[in-house]
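Fold and geometry: a report
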Amino acid sequence: MIPPTNGKERGIIYTFYSFKGGVGRTMALANVAALLAKWGYSVLVVDWDLEAPGLERFFARVKPDIRELRAATPGIVDLVQARKNGKSLHWRDCLLDFEVAGSSSRLSLLSAGRSDPDYTARMQSLNFQELFDKYDLGFYIEELRDEWASEFEFVLIDSRTGVTDIGGICTVHLADVLVLLFTTTESSMEGAIDIAERARKAQQHLPVDRGRLLAVPVPARDESRTEYERATDWKKRFAERFSEFYLDWLPKDITAPDAIELLRIPYVPYWSFGEPLPAIEEGTTDPASLGHAYEILARVLEKRLDWKAALPALTLGPAPIPRRHELDPEWLAKHRRQALEGLSAAGMKGFMEICHFSPDSSISK
């Protein structure tokens, strides 16, 4: 479990990383984000896969015009470019906000950048080593990290694959926890382990104090239903190779094989077409479903790796009750005062009245 910082619980940043592409990393992130928002949390998803962006496509069904909005809205590339050019661009002005599954909770997306014809050229023009050396990009990323964690309860970052400067930003500078997705190949498994170990060593040399970087290994595209014996052999190898990472946060009576068996994400061909959200579209009640697997991962991340709270008795407990957002009396008083002062300055009289009735939904300002 991840303890609060300075006695106060801040938002937590999870970086989703895979050494190879094609493991379902972005899809897992999108479904976990949708579930957290459905449960009443404020969630920010950040597309740092700058060379192969497209995280927004998973939310096209809940916001049909999201592709057009991304084309017109700045993102990560634009923020970094503005920093280099000494221009003012705030990340809050780059957010795309939408609702999932009828929840009024805040789910925001910070895309890779405006998807106009110049995107590739703008992305390729960024020299990250130069940006760190000459433009203090490290300090800027630390600012972003602190502001995101102060404003959102969960920040989910989609990282570039492989060993890259961009991936290093996501795994070293931004992450509180790495969510490592891998498949049944040596390169996928060993690559994930290597990156996690590199990130831990690199964080020790940062000019800021960080706790030990934790990692949640997640076997993806699991074929246990069709290739049981071979899948079992690979799960044993996963347990051996990733045991150190599991032991960092699992309770003493829970083993790495236990965790692998529950955290594995099955391969379901039906959901391999397009960019779906099975956790929302299909639901999570069927233990054999992809949505069920995403819910298990989401529960563990929601509880900040407190395994017993997330999965009592190694089973999936009742779904979290969506938290109700109370009306903020200080916010109301502030805006009432400002409204009355404005009316008075204009020689007018008026009043503010708020009427609310919401027996079964959350409140949103």
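Worth saying up front: this structure is predicted, and the values here are computed from it rather than measured.

1. Notes on the overall build of the chain
Of the regular secondary structure elements, the chain holds 15 helices and seven strands. Out of the 365 residues in the chain, the part that is buried amounts to 49%. Sequence-distant contacts, at least 24 apart, represent 76% of the contacts inside the chain between residues at least 6 apart. As presented, the chain carries roughly 18,100 Å² of accessible surface, and 51% of it is formed by carbon and sulfur atoms.

2. Looking at the pairing of strand β5 (residues 154-158)
On a regular strand, one side chain projects to one face of the sheet and the next to the other, so that they alternate. For β5, the tally of buried residues reaches five of five residues, placing the bulk of the element in the interior. What you see with β5 is no split at all: Phe154, Leu156 and Asp158 on one side and Val155 and Ile157 on the other are buried throughout. Taken together, the five bridges between strand β1 (residues 12-17) and β5 define a ladder with parallel strand orientation. Looking across to β5, one finds that Ile13 is bridged to Val155.

3. Some thoughts on the pattern of salt bridges
With the rule as written, the count across this model stands at 28 salt bridges. The closest approach of N and O atoms between Asp49 and Arg160, which form a salt bridge, is 3.7 Å. Highlighted residues: Asp49 in the loop between β2 (43-47) and α2 (66-72) and Arg160 in the loop between β5 and α7 (165-174), separated in sequence by 111 residues. Grouping residues by exposure puts Asp49 and Arg160 together as buried. What you see here is one network of salt bridges that share partners, running through Arg25, Asp49, Glu51, Asp158 and Arg160.

4. Details of helix α1 (residues 25-38)
Residue pairs three or four apart in sequence face the same way in an α-helix, which turns once every 3.6 residues. In this model α1 runs 20 Å from its N-terminal to its C-terminal C-alpha over 14 residues, within 8% of the 20 Å that 1.5 Å per residue would give. For α1, a buried count of 13 out of 14 residues is recorded, marking the element as mostly surrounded by other parts of the structure. Positive phi shows up at Gly40, right after α1, with a value of about 105°.

5. What about the environment of Glu68?
Looking at the secondary structure, you find Glu68 in helix α2. Note: C-alpha distance between Glu68 and Asp116 (48 residues apart in sequence) is 9.9 Å.

6. Regarding the packing of aromatic side chains
Following the criterion strictly, the structure yields twelve aromatic pairs and no others. Ring geometry for Phe59 against Phe98: centres 4.9 Å apart, planes inclined by 40°, an arrangement best described as tilted. Residue Phe59 is found in the loop between β2 and α2, and its partner Phe98 is found in strand β3 (residues 96-98); the two are separated by 39 residues along the sequence. The pair formed by Phe59 and Phe98 is uniform in burial state, with each residue classed as buried. Site record: aromatic cluster; members linked through ring pairs are Phe182, Trp234, Phe238, Phe242 and Phe245. The ring centre of Tyr119 lies 5.4 Å from the NZ or CZ of Arg70, which sits over that ring.

7. Quick word on the sheet that holds β1
Spatially, β3-β4-β2-β5-β1-β6-β7 is the arrangement adopted by the seven strands of the open sheet, whose pairing is mixed. Looking at which strands have only one partner, the edges of the open sheet turn out to be β3 and β7 (214-219). Between one strand axis and the next, the sheet turns by 20° as a mean value, whatever way the strands run. In this sheet, β7 lies alongside strand β6 (residues 177-182) in parallel orientation, the contact comprising six bridges. From the neighbouring strand, Val177 faces β7, where its bridge partner is Leu214.

8. Side note on the pairing of β2
The element β2 is extensively covered by neighbouring structure, given that five of its five residues are classed as buried. Neither face of β2 is left uncovered, since the one carrying Val43, Val45 and Asp47 and the one carrying Leu44 and Val46 both have all their residues buried. Bridge analysis of β2 against strand β4 (residues 107-110) gives four bridges, and the strand direction is parallel. Opposite Val45, over in β4, you have Leu109 as the bridge partner. As defined by bridge partners, β2 adjoins β5 across five bridges and the pair is classed as parallel. Residue pairing across strands places Val45 opposite Leu156, the latter belonging to β5.

9. Considering unusual backbone geometry
Positive phi, close to 55°, is recorded for Arg304, a residue that is not glycine. Note on placement: Arg304 falls in the loop between α13 (290-302) and α14 (307-310). Phi is positive for Leu305, close to 70°, though the residue is something other than glycine. Topologically, Leu305 is positioned in the loop between α13 and α14.

10. Concerning the environment of Ile296
With respect to the secondary-structure elements, Ile296 resides in helix α13. Taking relative accessible area as the criterion, Ile296 reaches 5% and is therefore assigned buried.

11. Here's the deal with α13
For α13, with 13 residues, the first-to-last C-alpha span of 18 Å sits near the 18 Å given by 1.5 Å per residue. Of all 13 residues in α13, 13 are buried; the element is thus mostly enclosed. Structurally, the start of α13 carries an N-cap: the backbone nitrogen of His292 is 3.1 Å from a side-chain oxygen of Ser289.

Rules of the game
Residues numbered from 1 in each chain as written. Predicted model: local features only at pLDDT ≥ 70, side-chain atom pairs only at ≥ 80, totals over all residues. Heavy atoms only, no water. Helix = DSSP H or I, 4+ residues; strand = E, 2+ residues; numbered from the N terminus. Buried < 20%, exposed > 50% of the residue type's maximum accessible area, 1.4 Å probe, protein only. Contact = heavy atoms within 4.5 Å. Areas by Shrake-Rupley, 256 points an atom, 1.4 Å probe, with all protein chains shown as cover. Pairing = 2+ DSSP bridges. Salt bridge = Lys/Arg side-chain N within 4 Å of Asp/Glu carboxyl O. Expected span 1.5 Å × (residues − 1). Phe/Tyr/Trp six-rings, centres within 6.5 Å; stacked < 30°, edge-to-face > 60°. Lys NZ or Arg CZ within 6 Å of the ring centre and 35° of its normal. Axes fitted to C-alpha atoms, helices over the stretch in contact; angles between N-to-C directions. Polar contact = N/O pair within 3.5 Å; in protein donor to acceptor, adjacent residues only side chain to side chain.

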